[in-house]
Amino acid sequence: MVSETIIPLLFRWIHFVAGVAWIGLLYYFNLVQVSFMKETDPATKSGVILKLLPRALWWFRYSALVTVLSGMALMMAGGIRNTAIMIGATLGLIMFLNVWLIIWPNQKVVIRMTGDATATKTPAPPEMAKHARRAYLASRTNFFLSFPMLLFMGASAHFPQF
Ligand code: HEM
């Protein structure tokens, strides 16, 4: 039956692709961008914040949304309800909430403050560092959560002993 074979396969495929886009950007932020920003000059830094970051964060948060929605659809369509997926999906959900409720709102403030400072040629307000720090800590948390999350995600279908 199509609803038992093709539909779950379609959801699974969408889920992988969106998950790769999301976690790929997460790894880029944590493994590449953070250290690059530490050692780059102020002009390049504001260029990255104003031109690169909004684009990267758009793909980041919407790929996170598609990953979670397709994951939930897959759970329902495939009737998947084992311990591994419950743990994996809970970790994924915490990571998703981190993206939408901590990383994005704080990065939005950083982008706005950097834009204002560049337009008026004044230094960015000191509280910008606080917002950047919060976003950074939530992103680091997601980086570390991604490892057990992916382990349990894969265990669901490939480690039935769990
Ligand atoms: C709330 C979030 C999530 C939910 C509800 C969810 C749900 C699911 C479900 C139901 C499966 C099928 C498991 C099975 O067939 O037994 C699955 C598989 C998978 N998920 Fe997620 N997932 C979530 C987050 C993520 C994230 C963030 C990633 C990141 C890449 C991801 C990557 C994968 C992969 C690679 C598989 C394939 C496992 C396999 O078939 O071997 N998932 N997910």
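Read on for a plain summary of the structure. Remember, predicted model here, so these are calculated numbers, not experimental data.

**Overview of the overall build of the protein chain**
Regarding its fold elements, the protein chain presents four helices and zero strands. Oriented by its inertia axes, the alpha-carbon framework of the protein chain measures out at about 65 × 30 × 20 Å. Evaluated residue by residue, the protein chain yields a buried proportion of 38% over its 162 residues. Considering only residue pairs separated by 6 or more positions, the protein chain has 81% of its internal contacts joining residues 24 or more positions apart.

**Comments concerning the packing of helix 1 (residues 6-39) against helix 4 (residues 127-158)**
Running from amino to carboxyl end, helix 1 crosses helix 4 at an angle of 145°, the nearest separation of the two axes being 10 Å. In terms of crossing hand, the pair formed by helix 1 and helix 4 is left-handed. On helix 4, the residues touching Arg-12, His-15, Ile-23, Leu-26, Tyr-27, Asn-30, Leu-31 and Val-34 of helix 1 are Tyr-136, Ser-139, Arg-140, Asn-142, Phe-143, Ser-146, Phe-147, Met-149, Leu-150, Met-153 and Ala-157. By residue class, the composition of the contact of helix 1 with helix 4 is 12 nonpolar, five polar and two charged.

**Here's the deal with the site of the ligand**
Around the ligand lies a shell of 23 residues, among which Arg-12, His-15, Met-153, Ser-156 and His-158 are the nearest. Measuring from a nitrogen atom of the ligand, one finds a side-chain N or O atom of His-15 at 2.7 Å. Interatomic distance of 2.4 Å between a side-chain N/O atom of Ser-156 and an oxygen atom of the ligand. Mapped by element, the contributors of at least two residues to the shell around the ligand are helix 1, helix 2 (42-78), helix 3 (83-120) and helix 4. Class assignment of the residues belonging to the shell around the ligand gives a composition of 15 nonpolar, seven polar and one charged.

**A few points about the packing of aromatic side chains**
Going through the model one piece at a time under the given rule, you end up with 11 aromatic pairs. Between the aromatic rings of Tyr-28 and Phe-29, the centroid separation amounts to 5.6 Å while the plane-to-plane angle is 50°, which identifies the pairing as tilted. Exposure remark for Tyr-28: the relative accessible area of 28% places this residue in the partly exposed category. These aromatic residues form a ring-pair network of at least three members: Trp-58, Trp-59, Tyr-62, Phe-96 and Trp-100. Lying across the ring of Trp-104, Arg-61 places its NZ or CZ 3.6 Å from the centre. The ring of Phe-143 carries Arg-140 above its face, with NZ or CZ at 5.9 Å from the centroid.

**Here's the deal with the side chain of Asn-30**
Take Asn-30: it is sitting in helix 1. Within the structure, the side chain of Asn-30 is placed 2.8 Å from the side chain of Arg-140, a separation counted as a polar contact. Excluding anything up to four places from it in sequence, Asn-30 contacts Ser-139, Arg-140 and Phe-143.

**Some points on a nonpolar patch on the surface**
A cluster of nonpolar residues, Leu-10, Trp-13, Ile-14, Phe-16, Val-17 and Val-66, forms a patch on the protein surface that exposes about 570 Å² of accessible area. With five residues, helix 1 is the largest single contributor of residues to the nonpolar patch. Position of Trp-13 among the secondary structure elements: in helix 1.

**Side note on helix 3**
A rise of 1.5 Å per residue sets the reference length of helix 3, with its 38 residues, at 56 Å; its end C-alpha atoms lie 54 Å apart and thus fit the reference within 8%. If you look at helix 3, its biggest bend is around 35°, right at Val-99. Taking the backbone nitrogen of Ala-84 as reference, a side-chain oxygen 3.3 Å away marks Asn-82 as the first, capping residue of helix 3. Within two residues after helix 3, Lys-121 carries a phi angle of roughly 55°, on the positive side.

Rules and cut-offs
- Residues numbered from 1 in each chain as written.
- Predicted model: local features only at pLDDT ≥ 70, side-chain atom pairs only at ≥ 80, totals over all residues.
- Heavy atoms only, no water.
- Helix = DSSP H or I, 4+ residues; strand = E, 2+ residues; numbered from the N terminus.
- Buried < 20%, exposed > 50% of the residue type's maximum accessible area, 1.4 Å probe, protein only.
- Contact = heavy atoms within 4.5 Å.
- Axes fitted to C-alpha atoms, helices over the stretch in contact; angles between N-to-C directions.
- Left-handed = near helix turned anticlockwise from the far one by under 90°.
- Nonpolar A, V, L, I, M, F, W, Y, C, P; charged D, E, K, R; others polar.
- Near = heavy atom within 4 Å.
- Polar contact = N/O pair within 3.5 Å; in protein donor to acceptor, adjacent residues only side chain to side chain.
- Phe/Tyr/Trp six-rings, centres within 6.5 Å; stacked < 30°, edge-to-face > 60°.
- Lys NZ or Arg CZ within 6 Å of the ring centre and 35° of its normal.
- Patch = residues over 30% accessible without salt bridge, like charges linked within 9 Å, V, L, I, M, F, W, Y side chains within 5 Å.
- Areas by Shrake-Rupley, 256 points an atom, 1.4 Å probe, with all protein chains shown as cover.
- Salt bridge = Lys/Arg side-chain N within 4 Å of Asp/Glu carboxyl O.
- Expected span 1.5 Å × (residues − 1).
- Bend = angle between axes of the 7 residues up to and from the residue.

Read these as geometric descriptors, not functional statements.
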